[in-house]
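Examination of the molecular architecture
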Amino acid sequence: MTTPDIAARRVRVLGACAALMVGALTLTACGGDANANSSGSSSDSKGGKSSAGTSTAKIVISAKDGSTAASINTTGVKVSDGRLTDVKMTVAGSGQSVAGSISADGGVWKPKEQLERGTKYQISATAKDGNGRTAAANSIFTTVTSANSFIGTYTPDNGTTVGVGMPVSFDFDKVISDKKAVQSHITVTSSSGQKVVGHWFGAQRLDFRPEEYWKAGSKVTMKIDLDGVEGANGVYGVQRKTVTFTIGRSQVSTVDVNTQTMTVVRDGRTLKSVPISSGSPEHTTYNGQMVISEKFVQTRMNSQTVGLGGEYDIPDVPHAMRLTSSGTFIHGNYWYNRGNPPFGRQGTSHGCVGLADVQGAEGATNAKWFYDNSLIGDVVIVKNSPDKTVSPDNGLNGWNMSWSEWMAGSAA
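Residues numbered from 1 in each chain as written. Predicted model: local features only at pLDDT ≥ 70, side-chain atom pairs only at ≥ 80, totals over all residues. Heavy atoms only, no water.

**Some points on the pairing of strand β15 (residues 219-225)**
In plain terms, the rule: Residue exposure (1.4 Å probe, protein chains only): buried if accessible area is under 20% of the type maximum, exposed if over 50%, otherwise partly exposed. The helix and strand labels rest on DSSP assignments: H or I over at least four residues marks a helix, E over at least two residues marks a strand, and numbering proceeds from the N terminus. Following DSSP output, two strands are said to pair if at least two bridges run between them.
Of the two faces of β15, only the one carrying V220, M222 and I224 is buried; K219, T221, K223 and D225 on the other face are not. The sheet contact formed by strand β12 (residues 186-190) and β15 spans five bridges and is antiparallel. Counterpart to S190 in the pairing with β15 is V220. For β15 and strand β18 (residues 240-247), the ladder comprises seven bridges, and the chain directions are antiparallel. Looking at the pairing, V220 lines up with F245 of β18.

**Side note on the sheet that holds strand β26 (residues 353-356)**
Rules: Each axis is a line fitted through C-alpha atoms, and for a helix only the stretch in contact is used; angles between axes span 0 to 180 degrees, taken between their N-to-C directions.
Spatially, four strands are ordered β23-β24-β25-β26 in an open sheet, and the strand pairing comes out mixed. A strand with exactly one partner marks an edge of an open sheet, and here the two such strands are β23 (294-302) and β26. Ignoring which end each strand starts from, the neighbouring axes of this sheet average 40° apart. Here strand β24 (residues 313-322) pairs with strand β25 (residues 329-333) via two bridges, running antiparallel. Looking at β25, one finds that M321 is bridged to I330.

This is a description of form; function is not addressed.
Structure follows, in structure tokens:
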């Protein structure tokens, strides 16, 4: 059976980065000398040397005074020829303090957390040079707005262990017109040495995968460096983060509609063959390589939400694992009509792959066994169905595209 897309992917706005933009305009506490090095005297206009009262400390605030599209990741304060003694950052207007810290060597101050988009801030900083003379600088600026920035919801999460079929997938919240700029600022590498290539599905989705499934046990690193990257006219990225995840054991399960069985193979060895019930002749199951993208111990399935009539509304479908965004699952089935032939004889579902189960998801059933032994990113292959092959962008199913086709969709 098919279901609605039950769970949207989480949006992650990523953490602050310590790197600071260099060369921004610095200001004195009261205006005037833009280098903000003075404790009361200006530079000697004749000899070019500092007078006795002039501090040699030079403060740089990365967000230029008056700027309206400052970074939410790299805003901070830096000093040369001196040490920072005090930095205050507030939300302009409200006076709310923004927590931050000065580095041990006194050279850098940065906020504790990522700044908010579309918010006006004020920074006031003081420093002293080696002779104890004070310099000061101020900046009032506004961070880039939501309307003028984009973010990408991505999967998989940092620190997770996933199956060998799991692609890296980004869904951007804005249309990307400069695909090359965006793709070139996301790099995905594997400890296995496999070549990883990006592919665009339309203007808002970018997936990465190698030619073959990931090597079991490998480590994958994704570096996101989109902060300040112009993805469309006047629309800039705000994300900067490194994400790592681990590829677990190799598990590929093959559903044969002709025999109504599923064979589970792990690391080249058959673990188990179990009877299944595929789609009925009226509601056939897609062929092709499908990746488990979500897992639910129990979930609701309602036929009306996927364009069917009132055929079913089951509030507690057990051991459900999503295979397509359009609603194909492999899941437990406790309502199977006992008057029909048993599992393994014929397809009776509305397009899903059913496994024998009990209500409550607590029995020692084939469905529970498969659920417990599956990872997000495991591959389920369906063959010999009268239906078409699943579309590569229907779920995380880009493996149904040849490598040459995949590379042709790269903008880098």
